[in-house]
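In case you want the letters, here they are:
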Amino acid sequence: QVQLVESGGGSVQAGGSLRLSCAASGRTFGFNAGAWYRQAPEKERELVASIRYDGSTNYADSLKGRITISRGGAEKTVYLQMNSLKPEDTAVYYCKQRYNGVEYWGRGTQVIVAS
């Protein structure tokens, strides 16, 4: 089993920045990929960014240029750097990581961007 804990969310003014972290613990071997999703009120969960074991990344078109996904902390933490935040970025952000083909989700961290 792998446990994921997100942190770094909070309230910020429009134009500000936040860095989300997703720390993994447990049987953290065989990393396949990590990703961040978000879900705004009354909207479906959407993919924000993903990173594969080889370091290749993918970003949602609407967020390109404002976000960066990375790994660190002995490769057990997936980060999401978000810049130039907008009120429409307000959502609960969820981390997902896949180890040996099994997906694990965190419980989410709230991001609120005030105009």
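Here, the structure is the one placed above.
Scope of this entry: the structure provided in the associated data block. (Residues numbered from 1 in each chain as written. Predicted model: local features only at pLDDT ≥ 70, side-chain atom pairs only at ≥ 80, totals over all residues. Heavy atoms only, no water.)

## Let's talk about the overall build of the protein chain
Part 1 of the reasoning: A count of helical and extended segments in the protein chain gives zero helices and eleven strands.
Part 2 of the reasoning: Starting at the N terminus and walking to the C terminus, you meet the elements of the protein chain as β-β-β-β-β-β-β-β-β-β-β.
Part 3 of the reasoning: By the compact-globule yardstick of 13 Å for 115 residues, the protein chain fits well, its C-alpha radius of gyration being 13 Å.
Part 4 of the reasoning: Overall size of the protein chain, expressed as C-alpha extent along the three principal axes, is 40 × 25 × 25 Å.
Part 5 of the reasoning: Put simply, the protein chain has 115 residues, and 43% of those count as buried.
Part 6 of the reasoning: The long-range share in the protein chain, meaning contacts at least 24 apart out of those at least 6 apart in sequence, stands at 53%.
Part 7 of the reasoning: Accessible area of the protein chain: about 6200 Å², with a carbon and sulfur share of 45%.
Part 8 of the reasoning: Positive and negative side-chain charges in the protein chain, numbering 14 and 10 respectively, have mean positions lying 6 Å apart. (Helix = DSSP H or I, 4+ residues; strand = E, 2+ residues; numbered from the N terminus. Rg over C-alpha atoms; globule rule 2.2 N^0.38 Å. Buried < 20%, exposed > 50% of the residue type's maximum accessible area, 1.4 Å probe, protein only. Contact = heavy atoms within 4.5 Å. Areas by Shrake-Rupley, 256 points an atom, 1.4 Å probe, with all protein chains shown as cover. Lys, Arg positive; Asp, Glu negative; His and termini not counted. Charge placed at Lys NZ, Arg CZ, Asp CG, Glu CD.)

## A few points about the nonpolar core
Part 1 of the reasoning: Residues Trp-36, Val-48, Ile-67, Ile-69, Leu-80, Met-82 and Tyr-93 are the most contacted members of the largest nonpolar core, which totals 29 residues.
Part 2 of the reasoning: Contributions of two or more residues to this core are made by strand S1 (2-7), strand S3 (18-26), strand S4 (31-39), strand S5 (46-52), strand S7 (67-72), strand S8 (77-82), strand S9 (91-99) and strand S11 (109-114).
Part 3 of the reasoning: Excluding its chain neighbours within four sequence positions, the residues that come into contact with Met-82 are Gly-16, Ser-17, Leu-18, Leu-20, Arg-66, Ile-67, Tyr-93 and Val-111. (Core = buried A, V, L, I, M, F, W, Y, C linked by side-chain atoms within 4.5 Å.)

## Comments concerning the environment of Gly-26
Part 1 of the reasoning: By the secondary structure assignment, Gly-26 is in strand S3.
Part 2 of the reasoning: Along the primary structure Gly-26 and Gln-3 are separated by 23 residues, whereas in three dimensions their C-alpha atoms are 6.2 Å apart.
Part 3 of the reasoning: Each residue touching Gly-26, except ones within four places of it in the same chain, is listed here: Gln-1 and Gln-3.

## Describing the state of the cysteines
Part 1 of the reasoning: All told, the structure shown has one disulfide when counted by the stated rule.
Part 2 of the reasoning: A sulfur-sulfur distance of 2.0 Å marks the disulfide that ties Cys-22 to Cys-95. When the S-S torsion is -80 degrees, as for the bridge of Cys-22 with Cys-95, the disulfide is left-handed. Of this pair, Cys-22 sits in strand S3 while Cys-95 sits in strand S9, and the two are 73 residues apart along the sequence.
Part 3 of the reasoning: Take Cys-22: its relative accessible area is 0%, and that puts it in the buried class.
Part 4 of the reasoning: Assessed through its relative accessible area of 0%, Cys-95 is described here as buried. (Disulfide = S-S within 2.5 Å.)

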